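Results of the structural survey
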Amino acid sequence: MIDGTILLAVEAAAEEAGGLFDLDATLPVMAIQFLILAALLNQIFYKPLGSAIDERSDYIRSNLTEARERLAKAEQLANQYEEELAGARKHSQSVIAQAQAEADKIAAQNMAQAQREAQAKRERATQEIDRQKQETLGVLEGQVDQLSRQILDKLLKTC
């Protein structure tokens, strides 16, 4: 029963003190403790954490800015190299076209030279054939004349 009486005494004391919210000197002490705790947390935890977060944010921002600048520079260089490549291709195509034209010109000159040489050889061969033909005809005429005389001599001898 002693336990029961102690409980009754505690309940009676609680009812007399005002219940759940007692407005005595503990409320301002609790408020001061809360403000001191908030100030200590701010100094010890929140400010260093905030500055670390700000530094990290600045680092990320600066790296992002550098990355964008590098990307822009890389794109600019890529465009410049593509333009230079296109110019080099055009130049090489013009050089190839010029070389092809020169090769065609040289081939045409060589072909014309070969045709002239062939024509000259053909003319010389024709002249040689005509000369040999004339010589042969001259020889044949001489032989025909000689054979004709022999035939005529034999005919005259037989007659």
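Here's what I pulled together on the structure shown here. (Residues numbered from 1 in each chain as written. Predicted model: local features only at pLDDT ≥ 70, side-chain atom pairs only at ≥ 80, totals over all residues. Heavy atoms only, no water.)

Let's shift gears to the overall build of the chain. Secondary structure summary: the chain contains two helices and zero strands in total. Scored against the burial criterion, the 159 residues of the chain give a buried share of 0%. (Helix = DSSP H or I, 4+ residues; strand = E, 2+ residues; numbered from the N terminus. Buried < 20%, exposed > 50% of the residue type's maximum accessible area, 1.4 Å probe, protein only.)

Let us look at the packing of aromatic side chains. For the structure on display, the rule yields one aromatic pair. Taken together, a centroid distance of 5.3 Å and an interplanar angle of 65 degrees make the contact between Phe 45 and Tyr 46 edge-to-face. Overall, the relative accessible area of 43% leaves Phe 45 in the partly exposed class. Residue classification places Tyr 46 among the partly exposed residues on the basis of a relative accessible area of 47%. (Phe/Tyr/Trp six-rings, centres within 6.5 Å; stacked < 30°, edge-to-face > 60°.)

In this section: helix H2 (residues 26-158). Relative to the 198 Å expected for 133 residues at 1.5 Å per residue, H2 spans 185 Å between its end C-alpha atoms, a close match to the ideal helical length. Approximately 45 degrees is the largest bend angle found in H2, and it occurs at Asn 42. (Expected span 1.5 Å × (residues − 1). Bend = angle between axes of the 7 residues up to and from the residue.)

Under the definition given, this model contains four salt bridges. We note a salt bridge from Glu 66 to Arg 70, for which the minimum N-O separation is 3.7 Å. In this pair, Glu 66 and Arg 70 are both assigned in helix H2, four residues apart and thus about one turn of the helix distant. Since its relative accessible area comes to 37%, Glu 66 is described here as partly exposed. A relative accessible area of 62% means that Arg 70 is categorised as exposed. The salt bridge partner of Arg 131 is Glu 135, with a shortest N-O separation of 2.3 Å. Taken as a pair, Arg 131 and Glu 135 lie in helix H2 at a separation of four residues, close to a single helical turn. According to the relative accessible area criterion, Arg 131 is partly exposed, its value standing at 38%. (Salt bridge = Lys/Arg side-chain N within 4 Å of Asp/Glu carboxyl O.)

A contiguous nonpolar patch, built from Ile 32, Ile 36, Leu 37, Leu 40, Leu 41, Ile 44, Phe 45, Tyr 46, Leu 49 and Ile 53 and spanning about 970 Å² of accessible area, is present on the exposed surface. What makes Ile 44 exposed here is its relative accessible area of 61%. (Patch = residues over 30% accessible without salt bridge, like charges linked within 9 Å, V, L, I, M, F, W, Y side chains within 5 Å. Areas by Shrake-Rupley, 256 points an atom, 1.4 Å probe, with all protein chains shown as cover.)

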